[in-house]
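This is what each chain is made of:
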Amino acid sequence: MSGKEYRTITDVKGPLVFLNKTEPVSYGEIVQLMLSNGSIKNGQVLDTSDDQVIVQVFEGTASVDRQTGVKFLGDVFKLPVSKGLIGRILDGAGRPRDGGPDIVADDMADIIGAAINPYSRQSPESFIQTGISAIDACTSLVRGQKLPIFSASGLPHNDIALQIARQAKLVGSDDDFVVVFCAMGITAEEYNFFVHDLERTGALENSALFVNLADDPAVERLITPRLALTAAEYLAFEHDYHVLVIYTDMTNYCESLRQIGAAREEVPGRRGYPGYMYTDLAMLYERAGLVKGKKGSITQFPILTMPGDDITHPIPDLSGYITEGQIVISRELHQKGIYPPINVLPSLSRLMNAGIGDGKTREDHKSVSDQLYAAYAQGKELRGLVAIVGEDALNERDLQLLKFADIFEHQFLRQGRDEDRSISEGTLDLAWDLLSNIDTKYLVRLDQKWIDKYHPNEKSGKEEE
Amino acid sequence: MSNENGLIYRISGPVVTAVGISPRMYEVVRVGDEGLMGEVIELHGDQSVIQVYEETSGISPGEPVIRTGQTLSVQLGPGLLTQIYDGIQRPLPKLEETMGVFITRGVDADGLDLEREWEFNATVKKGDEVSSGHVIGTVQETETIEHRVMVPPNVSGKVKSVKSGTFNIKETVCVLEDGSEIAMMQEWPVRHPRPFVQKYAPDVPLITGQRILDFLFPLAKGGTAGIPGPFGSGKTVTQQQLAKWSDAQIVVYIGCGERGNEMTEVLDEFPHLIDPNTNKPLMNRTVMIANTSNMPVAAREASVYTGITIAEYFRDMGYNVALMADSTSRWAEAMREISSRLEEMPGEEGYPAYLSSRLAEFYERAGRVQTLAGSDGSVSVIGAVSPPGGDISEPVSQGTLRIVKVFWGLDAGLARQRHFPAINWLNSYSLYPQALDQWYRENIAPDFPEVRTEISTLLQIESELQEIVQLVGSDALPIDQQLTLEVARMIREFFLQQNAFHDVDTFSDLDLQYHMAKAILTFQEEAKKAIAGGGQLEDVVNVPARTDLMRGRFEKGYAERISDLVSEMSKQIDASMEAN
Ligand SMILES: Nc1ncnc2c1ncn2[C@@H]1O[C@H](COP(=O)(O)OP(=O)(O)O)[C@@H](O)[C@H]1O
Ligand SMILES: [Mg+2]
């Protein structure tokens, strides 16, 4: 620690402070600002040269003046890590927020996090049952996946995330998940909702929370998820935990990123967001997975609200390019009163194929999922046609599919907030029941051998033999 | 070399400015106390601007910068195949050995194993005249690939001595009369295309086993293709399918700024997949480059050059090489990021003004050539493009489409319907069919081009009819048009859709593709006859043998059975008419 204090601030612009005539300062170094009113702010070096240093101030630059003292702490940002993080609530910069003592560090971990060597990764392939049929059947989650929830304001994404956190389990195993929860710019009300739910179910003791709320410093949000992921990596790869990271709301994170970009007068990419936002997001999302020789894992559930419900907006768009699928929440279904309002059509789990089937979920899973998807997609499309030409113009097959779309939404998608359906009896059997509303000859995605074995009408005859 | 040692003046992300040295453009330098690898990308008064291939946090102004005198190069020789590298040719298994599972920094690693010994068989003898590119001996590099050791560029003369035997790749195996010593390894600067005698027009298809690609929008060996599409539309699956099944002899797969798990998948799968052309594991012919999205962007920028240089090197041996880059957009973004740190004047959407010329230079390195040794080799390049929001009016898509000859347009709508591969048959194109038709006629069937035309015409007609159906429903169409819709549906569901994850359906050879297309036309023919003879469309469409024909493609031995299935279908359609 150099400890030397400089009073050489020349410019202050948005969240940035420019100063000159320093000794050599490292890129990424942590900085303390000593304000004349006695308060202290924290920051990080964004650009450094012999002549000038640019510091991004996490708490914003209000009250900073040319007399403000600046101290360079001689190190990059590190988080004290230990198993003691579990059960704690920290603020967006990693300080206790629960009134408890400081974390007694077993180690100090660089929060930027090094990239996992692609050669050292292990393919994620263990199915996680969430107990939510739409997810388990159609966009199956596997341990080590990063699967964001694409939502929008006013939709129940938090309920869904919590339901997943409560119910997630590996079938046939009782390893529990540890939850690392990261709040970025959400309201106190939303935050309380999360905390109460975690408390209610006793999960809080098994969670580590990093909290930056709407009225906390916006720039601080840029480090909050890095702290959370650093904690997650430590717990997963040093202590063999299976960690479920929920972070919300990525949209607020991206806004902070844009703010810094604008203050630096960078050439923006699309819609004013920095050109490097893809890389920046990847450095968060890619901190998920499994690695060779370690028992733990990191599964990520980032939540983002799509501005204007627009999936092509840069925030969901760049996220979708990095994550291993997405769960899309639909305003239309929500307005119909369906919970969870998951639109399975634009939703996707890229790792599903590796996690389902015989010995993992059930042999007919893929077939059933394809069939549900196809029938619902066609039924939904027919709604549009019916609006123009009326039901009379439909043939028998189309009529059945049209009806199926409703059945699917009301009986398959819809379930209780505490309803935990098992994959086999709860979800797949239900799917077969509902599919039996369609003539078997139209169920072209189902293999005959599964029809013989699982179709409620076709199989019953057989079982009696 | 002048002023070998300088000092860091400024650090801004991956870009470092040094003073006190005057290196050449694109020279490799060592940056900071840890000696991080960097490359000079701009000279500016007494300042040298360097892109650094490793994370720069914690580095300070005043730390040293040291010249190496080298430009960014790759090591070429036996040992490339089956290897997986980062963007600057550091073997990832080697990095794991020295750093563990996380990639930290400041570690160098040779691209090739300098210790390993190979069995070298000389193919020239004392007194032979040899020159650059000339093969002087061979090494069985993997089970299926013979590595041809070539005289490095700018070396030629009469062989003074040459020896077969077991050597490492730095040992001299051949000496020329002028004293030049030749070893199995050579180096080549990645930003320079390797020399060849001349380019030929491609006239042989690269067969991929993917029906919509081979049949409707073929790529030629030595050709270029772009695959733009929004996320989730199938770029990566398509690229991986090409890496698995295309009939190239060598495959270079570049994961450029994409997901880590996708590379793991390739690593897990390829050693177990059998190449239909050699019956040996696909890994034998594959070189992988993985510079994922969270690895340093400067190394991502370099990764495509590393890849294409390796591809050219195998082409020089006379091989047909296929290179996939997933995704070129991430490469372009790396250029944009570096350019913006340099405070260059931006072009469209913040990309540097030289974006389109860089894209063009890259794709220009593809081609079928006469090599320096006089043989025929090719590099085919297939680039994925990731347009923001799926809108291809953006600069990377547009810059790519101006150059490539094949456009496989992925369509979010088709992907949403789970029609895979989600390649839009109405707006995709290939400019190669004309050059390839001769080959198809001679090697597959004399009427191959005509069958293709019929199939694509049916799809065109369908799209026009669909517009009417949207307004009035299909029952309102005359019977012959309803039949056309059924035939087109058969083309889509039976022929164009192909499940990459199904053991059998994942690959169809060109013969089978032709027979499947013919089967559809036979159905059309027979159905027309039956309907003219009073048969019902409903009955004709629902003959069980047609379902068998369509489902049969998922079963092994389909190629042998298809003609029987077609005859059976014809018989049943005939019978359905009589039943009326
Ligand atoms: N040919 C195919 N066969 C079956 N499924 C496919 C095919 N192509 C794409 N898919 C499906 O689409 C998903 C996304 O494909 P991917 O290639 O990863 O998209 P992109 O690279 O464009 O984001 C895959 O996980 C898979 O489920
Ligand atoms: Mg992809």
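Since the structure is predicted, the reported quantities are computational estimates derived from the model, not experimental observations.

**Side note on the overall build of chain A**
1) Next: Of the regular secondary structure elements, chain A holds 14 helices and 23 strands.
2) Next: Relative to the 2.2 N^0.38 estimate, which gives 23 Å for 465 residues, the radius of gyration of chain A is 25 Å and therefore close to what a compact globule would have.
3) Next: With the principal axes as the frame, chain A shows a C-alpha extent of 85 × 50 × 40 Å.
4) Next: Among the 465 residues that make up chain A, the fraction classed as buried is 61%.

**With respect to the overall build of chain B**
1) Next: If you tally the helices and strands in chain B, you get 16 helices and 29 strands.
2) Next: Relative to the 2.2 N^0.38 estimate, which gives 25 Å for 580 residues, the radius of gyration of chain B is 27 Å and therefore close to what a compact globule would have.
3) Next: Principal axes of the C-alpha set define a box for chain B whose edges measure 95 × 55 × 40 Å.
4) Next: A buried classification covers 60% of the 580 residues belonging to chain B.
5) Next: Considering only contacts within chain B whose residues lie at least 6 apart along the sequence, 70% involve residues at least 24 apart.
6) Next: Within the structure as shown, chain B displays about 21,200 Å² of accessible surface, and the carbon and sulfur contribution to it stands at 48%.

**A few points about the pattern of salt bridges**
1) Next: Overall, the coordinates contain 72 salt bridges over all chains when judged by the stated rule.
2) Next: The partner of Asp309(A) in a salt bridge is Arg331(A), and the shortest N-O contact between them spans 2.7 Å. Here Asp309(A) is found in the loop between strand S21 (297-305) and helix H7 (314-322), whereas its partner Arg331(A) is found in helix H8 (residues 331-335), with 22 residues between them in sequence.
3) Next: In this structure, the salt-bridge partner of Asp86(B) is Arg90(B), at a minimum N-O distance of 2.9 Å.

**Quick notes on the packing of aromatic side chains**
All names here are of chain B.
1) Next: With the rule as written, the count across this model stands at 23 aromatic pairs over all chains.
2) Next: Here tyrosine 440 and phenylalanine 448 contribute two aromatic rings whose centre-to-centre distance is 4.3 Å and whose plane-to-plane angle is 15°, an arrangement assigned as stacked. Phenylalanine 448 carries the same exposure label as tyrosine 440, and that label is buried.
3) Next: Arranged with centres 6.1 Å apart and planes meeting at 20°, the rings of phenylalanine 448 and tyrosine 514 form a pair that is stacked. Remark: tyrosine 514 occurs in helix H13 (residues 510-532) and phenylalanine 448 occurs in helix H11 (residues 448-472); sequence separation between them is 66 residues.
4) Next: When its relative accessible area of 0% is taken as the criterion, phenylalanine 448 is described as buried.
5) Next: Judged by its relative accessible area of 8%, tyrosine 514 falls in the buried class.
6) Next: Against the face of tryptophan 188 rests arginine 194, its NZ or CZ located 5.2 Å from the ring centre.
7) Next: Here arginine 336 stacks its cationic end above the ring of tyrosine 351, 4.4 Å away from the centre of that ring.

**Digging into the site of ligand 1**
1) Next: Inspection of the region around ligand 1 gives 15 residues, with Arg350(A), Gly232(B), Lys235(B), Thr236(B) and Val237(B) positioned closest.
2) Next: Neighbouring residues of ligand 1 are not confined to one chain but are distributed across chains A and B.
3) Next: Interatomic distance of 3.0 Å between a backbone N/O atom of Ala500(B) and a nitrogen atom of ligand 1.
4) Next: Its free accessible area being 560 Å², ligand 1 has 91% of it covered by the protein chains.

**Some thoughts on the pairing of strand S3 (residues 16-20) of chain A**
Residue and element names in this part refer to chain A.
1) Next: The element S3 is extensively covered by neighbouring structure, given that four of its five residues are classed as buried.
2) Next: Pairing of strand S2 (residues 9-13) with S3, which is carried by four bridges, proceeds in the antiparallel orientation. Residue pairing in the sheet places lysine 13 in a bridge with leucine 16 of S3.
3) Next: The hairpin formed by S2 and S3 contains two residues between the paired strands, and glycine 14 there has a positive phi angle of roughly 55°.

**A look at the sheet that holds strand S18 (residues 207-213) of chain A**
All names here are of chain A.
1) Next: Read across the sheet, eight strands follow the order S9-S18-S17-S19-S21-S15-S22-S23 without closing on themselves; strand pairing throughout is mixed. Two strands close off the open sheet at either side, each with one partner strand: strand S9 (89-91) and strand S23 (342-349). In this sheet, adjacent strand axes meet at a mean angle of 15° when their direction is disregarded.
2) Next: Relative to S18, strand S17 (residues 177-186) is paired through seven bridges, and the arrangement is parallel.

**Quick word on the interface of chain A and chain B**
1) Next: Contacts between the two partners involve 68 residues from chain A and, on the opposite side, 72 residues from chain B.
2) Next: Summing both sides of the interface, chain A and chain B together bury roughly 5,700 Å²; the carbon and sulfur share of this comes to 53%.
3) Next: Applying the counting rule to chain A against chain B returns two salt bridges.
4) Next: Close ionic contact of Asp47(A) with Arg10(B) constitutes a salt bridge, the shortest N to O distance being 2.6 Å.
5) Next: The tally of links from chain A across to chain B stands at 32 residue pairs in polar contact (both at pLDDT 80 or more).
6) Next: Looking at the side of chain A that touches chain B, the elements that each hand over two or more residues are strand S5 (40-49), strand S11 (115-116), strand S12 (121-122), helix H4 (224-239), helix H6 (277-285), H7, S23 and helix H10 (365-389) of chain A.
7) Next: Residue contributions to the side of chain A that touches chain B peak at five residues, all from H7(A).

**Structural notes on unusual backbone geometry**
Residue and element names in this part refer to chain A.
1) Next: With an omega dihedral of 5°, the bond running from threonine 248 to aspartate 249 counts as a cis peptide bond.
2) Next: Inspection of the secondary structure puts aspartate 249 in the loop between strand S19 (242-248) and helix H5 (250-263).
3) Next: In this model, tyrosine 339 is joined to proline 340 through a cis peptide bond whose omega is -10°.
4) Next: Mapped onto the elements of the fold, proline 340 is located in the loop between H8 and S23.
5) Next: Positive phi values are uncommon outside glycine, yet glutamate 265 reaches one of about 55°.
6) Next: Within the element layout of this structure, glutamate 265 appears in the loop between H5 and H6.

**A short note on the nonpolar core**
All names here are of chain B.
1) Next: Grouped together as the largest cluster of nonpolar side chains are 88 residues, with contacts concentrated most on Trp408, Ile455, Phe523 and Leu549.
2) Next: Looking at this core element by element, the count peaks at twelve residues for H13.
3) Next: Residue contacts for isoleucine 455: discarding those within four places in its chain leaves Phe215, Leu216, Ile491, Ala517 and Leu521.

**Regarding the packing of helix H2 (residues 157-167) of chain A against helix H3 (residues 188-200) of chain A**
All names here are of chain A.
1) Next: Where H2 meets H3, the axes come as close as 11 Å, and the angle between the chain directions of the two elements is 25°. Taken together, the axes of H2 and H3 are roughly parallel relative to one another. Read as a crossing pair, H2 and H3 show a hand that is right-handed. Each of His157, Asn158, Asp159, Leu162 and Arg166 in H2 lies in contact with H3, whose residues at this interface are Glu190, Phe193, Phe194, Asp197, Leu198 and Arg200.
2) Next: Of the residues assigned to the contact of H2 with H3, the class counts are four nonpolar, two polar and five charged.

**Here's the deal with the side chain of Arg226(A)**
Residues and elements named next belong to chain A.
1) Next: The topology assignment puts arginine 226 in helix H4.
2) Next: With a relative accessible area of 9%, arginine 226 lands in the buried category.
3) Next: Within the structure, arginine 226 has its side chain in polar contact with the backbone oxygen of leucine 222 (distance 2.7 Å).
4) Next: If we ignore the near neighbours within four places in the chain, the residues touching arginine 226 are Ile111, Ile112, Tyr253, Asp280, Leu284 and Arg287.

**Some points on the packing of helix H11 (residues 396-413) of chain A against helix H12 (residues 423-435) of chain A**
All names here are of chain A.
1) Next: The contact between H11 and H12 brings their axes to 10 Å, and the two run at 150°. Between H11 and H12, the interaxial angle falls into the category roughly antiparallel. When you trace H11 past H12, the crossing you get is right-handed. Seen from H11, the contacting residues are Phe404, Ile407, Gln411 and Phe412; seen from H12, they are Thr427, Leu430, Ala431, Leu434 and Leu435.

Conventions used here
Residues numbered from 1 in each chain as written. Chains lettered and ligands numbered in written order. Predicted model: local features only at pLDDT ≥ 70, side-chain atom pairs only at ≥ 80, totals over all residues. Heavy atoms only, no water. Helix = DSSP H or I, 4+ residues; strand = E, 2+ residues; numbered from the N terminus. Rg over C-alpha atoms; globule rule 2.2 N^0.38 Å. Buried < 20%, exposed > 50% of the residue type's maximum accessible area, 1.4 Å probe, protein only. Contact = heavy atoms within 4.5 Å. Areas by Shrake-Rupley, 256 points an atom, 1.4 Å probe, with all protein chains shown as cover. Salt bridge = Lys/Arg side-chain N within 4 Å of Asp/Glu carboxyl O. Phe/Tyr/Trp six-rings, centres within 6.5 Å; stacked < 30°, edge-to-face > 60°. Lys NZ or Arg CZ within 6 Å of the ring centre and 35° of its normal. Near = heavy atom within 4 Å. Polar contact = N/O pair within 3.5 Å; in protein donor to acceptor, adjacent residues only side chain to side chain. Pairing = 2+ DSSP bridges. Axes fitted to C-alpha atoms, helices over the stretch in contact; angles between N-to-C directions. Buried area = accessible area lost by both parts, 1.4 Å probe. Core = buried A, V, L, I, M, F, W, Y, C linked by side-chain atoms within 4.5 Å. Parallel < 35°, antiparallel > 145°, perpendicular 65-115°, else oblique. Left-handed = near helix turned anticlockwise from the far one by under 90°. Nonpolar A, V, L, I, M, F, W, Y, C, P; charged D, E, K, R; others polar.

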